[in-house]
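Notes for the structure review
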Amino acid sequence: MATAKIAPSMLSSDFSNLASEADRMVRLGADWLHMDIMDGHFVPNLTIGAPVIESLRKHTKAYLDCHLMVTNPIDYVEPFAKAGASGFTFHVEASKDNWQELIQRIKKGGMRPGVALKPATPIEEVYPLVENENPVEMVLVMTVEPGFGGQKFMPETMDKVRALRKKYPSLDIEVDGGLGPSTIDVAASAGANCIVAGSSVFGAPEPGQVISILRKSVEGAHQNS
Ligand code: DX5
Ligand code: ZN
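My aim in this report is to walk through the structure given alongside it, one point at a time. Within each chain, residues carry numbers counting from 1 in the order of the written sequence. Working convention: letters from A go to chains and numbers from 1 go to ligands, in the order in which they are written. Per-residue local features are limited, in this predicted model, to residues with pLDDT of at least 70; the limit for side-chain atom pairs, both in listing and counting, is 80 or more; totals at the level of whole chains, interfaces and linings are taken over all residues. Only heavy atoms go into the side-chain values, all of them from the structure, while hydrogens and water stay out.

All right, on to the pairing of strand E2 (residues 32–38) then. Burial here depends on accessible area, computed with a 1.4 Å probe over protein chains only, as a share of the maximum for the residue type. Under 20% is buried, over 50% is exposed, and the range in between is partly exposed. Strands here mean DSSP runs of E at least two residues long; helices mean DSSP runs of H or I at least four residues long; both are numbered from the N terminus. In terms of residue burial, E2 counts as a mostly covered element, since seven of its seven residues are buried. By the convention used here, strands pair only if DSSP detects at least 2 bridges between them. In the sheet, E2 pairs with strand E3 (residues 63–69) via seven bridges, with the strands oriented parallel. Residue pairing across strands places Asp36 opposite His67, the latter belonging to E3.

Every one of the 20 residues lining ligand 1 counts as a neighbour, but Asp36, Gly147, Asp176, Gly198 and Ser199 are closest to it. Within the side chain of His67, one N or O atom sits 3.3 Å away from an oxygen atom of ligand 1. Two N or O atoms count as a polar contact when they lie within 3.5 Å, although within protein this holds only if one can serve as hydrogen donor and the other as acceptor, and sequence-adjacent residues are included solely when both atoms are side-chain atoms. One of the backbone N or O atoms of Gly150 is found 2.8 Å from an oxygen atom in ligand 1. Method for areas: the Shrake-Rupley scheme with a 1.4 Å probe, in which residue coverage is limited to the protein chains shown. Protein contacts shield 100% of the accessible area of ligand 1, which totals 390 Å² for the unbound molecule. Whether a residue is near a molecule or strand is decided by its heavy atoms; if any one of them lies within 4 Å of it, the residue is near.

The donor definition counts N, O and S atoms within 2.8 Å of each metal and applies 3.2 Å to Na, K and Ca; water is not among these atoms, so some sites may look incomplete. Protein-derived coordination of the zinc ion (ligand 2) comes from His34 (NE2), Asp36 (OD), His67 (ND1) and Asp176 (OD), at a distance range of 2.1 to 2.3 Å. Considering all six donor atoms around the zinc ion (ligand 2), the spread of angles at the metal, 70 to 169 degrees, places the coordination shape in the octahedral class. Site shape is set this way: if four donors have all angles between 85 and 135 degrees, tetrahedral; if opposite donors are over 155 degrees apart and all others between 65 and 115, square planar for four donors and octahedral for six; otherwise irregular.

Residues Leu18, Glu21, Ala22 and Met25 constitute the buried set of helix H1 (residues 18–27). Projection of H1 onto a plane perpendicular to its axis shows the buried side chains occupying an angular sector of 100 degrees, all on one side. Contacts are assigned to residue pairs with any non-hydrogen atoms lying within 4.5 Å of each other. Taken together, the buried residues of H1 touch strand E1 (5–8), E2, helix H2 (50–57), helix H8 (199–202) and helix H9 (207–224). Positive phi shows up at Gly29, right after H1, with a value of about 110 degrees. The arc under discussion is defined with respect to the helix axis, by the directions toward the C-beta atoms.

Regular strands place side chains that alternate from one sheet face to the opposite one. Counting buried residues in strand E7 (residues 172–176) gives five out of five residues, a clear majority hidden from the surface. Alignment of strand E6 (residues 138–142) against E7, held across five bridges, turns out to be parallel. Bridging across to E7, Val141 finds its partner in Val175. Note on handedness: a crossover is taken as right-handed if, strands pointing away from the viewer, the path from the first strand over the helix to the second is clockwise. One crossover worth recording links E7 to the parallel strand E8 (residues 194–197) by way of helix H7 (residues 184–190), and it is right-handed.

If you want it as structure tokens, here you go:
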């Protein structure tokens, strides 16, 4: 059964106090910490790389859910494994030719493989990655165009979540972008169980309350399904 995982996006945190921001989120009920890795090429923005993951790992035991918005994900596997990443989610658009080798290497590095897709990418493109002898363990359906926090949730991406949930009842399905108290019910009832939320959590007067609203929505949708 796919259980609720609430993953605050550290992109919206105070990067100058990353360790204490991570601790704060864990104390407030976060299951995972979502780390957005952007290379300034696959997406226009540039964020953090393996050295920052390595530093953060020294301060927290939390599950570091790394989302790699990069052009050559295979080049990042070894450095991220060494740095202590927990999950390694690459984009299907950036791994057309080598996803089999990529998944193998991610697992060998002791990380959990996931695949992400942009809003315009058809869901069929990830099916082969879920249905083979060495599958990904999570699919991340982007609910905004990757690159920046604080964008508006795109409800039209929910058809992809519904299709995935119908096909794979116990798969981890993550949604990322524009999630918060006003959009969570749509995503949860479509079947998403891993919820990334940046601005809605960090921008709230009481982030713990938002985390708990997100969790309750996922758990409620689960009971009704
Ligand atoms: C966007 C990133 C997201 C982002 C989400 O490219 O992948 O993880 O931080 O931020 P919000 O929740 O503010 O849309
Ligand atoms: Zn992300």
